[in-house]
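# Structural overview
So the chains spell out like this:
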Amino acid sequence: RDSLQVIQMNLEIDGRPVGSEVMFEEEFGDTDLACRSSRIVAEFLEPGEYILLWTTEYPEPVFDGWQTLEAGTYLNEYVFDVKHATTIEDEFDVSSGKWDEGIQQNFSLWVEGGSFHIQVHKENFAAWSIYHDLAVSDALVITHAKRVSEEGGAYGLIARYQDVSNFYYLIVDDAGYFTLGKRLAGEWIDLVSWTASEVILSGDETNSLGVTLSGNEIVAFINSQVVGTVSDDSFQAGSFGLIAQSVPEVGEMHASFDLIYVEYYD
């Protein structure tokens, strides 16, 4: 922290100054060291290639925990691409025809009252609805969801859906736990095991659930808080969807989804 007081930094993107308001600091531990990194979020850039110049000046020598950096000016250059983003947003005011709907023996799927509804009629059973005719790779997927039925259960979202036996999922339950995982060849596999999180709202309150997928990296967040990051190469592209699951000995689970937002990159 003392070292940061003497460091002077300057950022430019293609020769244009970048203000400190787009920098977000993160602290993390590495063995017995306290570390700090910075992320830069630059908005409203047109698609294309850009050069970020990061100039750092040390008026005096600085020990960063690993080495002593002599006084002077240091220049780092980064080349990055901005891709064109396509968005899909559905608030379920009407049935768009893009989602699986209907009544089956073990579950029902329908649009009503500004929400998409999934109702499971069998204990320990999962049902889902998938957005039709889309396969995307790098993407952001967000949904707003809640439990409607009085009994407990779990609900969430699906990403990179291949078929009924292969996809990623993020699910939360009524006890304040979440899991991030994949269904691979019909087998449910946790990438992040069921974990308690204080950010999950219980009862019939609405939770915002989201994942970002970039290459093999999957980041899960709940109510704007990152809860898990994993690396997995099972699925490179696919569609997205909504899911609800009943628990053992409880034959009904009803969840509603007020919004689905997807942003993917060409």
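Residues numbered from 1 in each chain as written. Predicted model: local features only at pLDDT ≥ 70, side-chain atom pairs only at ≥ 80, totals over all residues. Heavy atoms only, no water.

## Digging into the sheet that holds strand β1 (residues 8-13)
Taken together, the four strands give an open sheet; going across it, the order is β2-β1-β5-β8, and neighbouring strands pair in antiparallel fashion. If you trace the sheet from one side to the other, it starts and ends with β2 (16-18) and β8 (72-82), each paired once. Ignoring which end each strand starts from, the neighbouring axes of this sheet average 25 degrees apart. Bridging between β1 and β2 involves three bridges; their strand directions are antiparallel. (Pairing = 2+ DSSP bridges. Helix = DSSP H or I, 4+ residues; strand = E, 2+ residues; numbered from the N terminus. Axes fitted to C-alpha atoms, helices over the stretch in contact; angles between N-to-C directions.)

## A few points about the pattern of salt bridges
Scanning the entire structure with this criterion turns up three salt bridges. Residue D232 is joined to K182 by a salt bridge in which the shortest nitrogen-to-oxygen separation is 2.9 Å. Placement of D232 in the loop between β21 (225-231) and β22 (239-245) and of K182 in strand β17 (residues 177-184) is noted, with a sequence separation of 50 residues between them. Both residues of the pair, D232 and K182, belong to the buried class. (Salt bridge = Lys/Arg side-chain N within 4 Å of Asp/Glu carboxyl O. Buried < 20%, exposed > 50% of the residue type's maximum accessible area, 1.4 Å probe, protein only.)

## Focus: the sheet that holds strand β16 (residues 166-173)
The six strands lie next to each other as β13-β22-β15-β16-β17-β18, forming an open sheet whose pairing is antiparallel. Among the strands making up the open sheet, the edge pair consists of β13 (126-130) and β18 (187-196). Averaged over all pairs of adjacent strands, the angle between strand axes in this sheet comes to 20 degrees, irrespective of strand direction. Looking at chain direction, β16 and β17 are connected through six bridges and run antiparallel.

## A word on the pairing of strand β15 (residues 154-163)
Consecutive residues of a regular strand have side chains that alternate between opposite faces of the sheet. Of all ten residues that make up β15, eight are buried, and the element is covered over most of its length. The pairing of β15 with β16 spans seven bridges and is classified as antiparallel. Bridging across to β16, D163 finds its partner in N166. Count of turn residues in the β15/β16 antiparallel hairpin: two residues. Examined bridge by bridge, β15 and β22 share six bridges and lie antiparallel to one another. Residue pairing for β22: L157 is matched across the bridge by L242.

## Topic: unusual backbone geometry
In terms of backbone geometry, most residues other than glycine have negative phi values and most peptide bonds are trans. Unlike most non-glycine residues, D14 shows phi in positive territory, near 50 degrees. For D14, the location among the structural elements is in the loop between β1 and β2. Its identity as a non-glycine residue notwithstanding, N223 has a phi of 50 degrees, on the positive side. Note that N223 resides in the loop between β20 (217-222) and β21. For N223, a relative accessible area of 23% corresponds to the partly exposed category.

## Side note on the environment of E57
Secondary-structure assignment places E57 in strand β5 (residues 48-58). Relative accessible area serves as the criterion here: at 36%, E57 is assigned to the partly exposed category. Taking the C-alpha atoms as reference points, E57 and L75, 18 residues apart in sequence, are found 8.8 Å from one another.

## Quick word on the packing of aromatic side chains
By convention here, two paired aromatic rings are described through the distance between centres and the angle between planes. Summed over all chains, the structure comprises 15 aromatic pairs. Ring centres of W99 and F240 lie 5.8 Å apart, and the angle between their planes is 70 degrees; this geometry places the pair in the edge-to-face category. Taken together, the positions of W99 in the loop between β9 (85-90) and β10 (102-103) and F240 in strand β22 put the pair 141 residues apart, joining distant regions of the chain. Across the pair, exposure class does not vary: W99 and F240 are buried alike. Consider the rings of Y161 and F167, whose centres lie 5.6 Å apart with planes at 20 degrees: the pair is stacked. Like F167, Y161 is buried. Every member of this aromatic cluster is reached through a ring pair, and the members are F92, W99, F116, Y131 and F240. (Phe/Tyr/Trp six-rings, centres within 6.5 Å; stacked < 30°, edge-to-face > 60°.)

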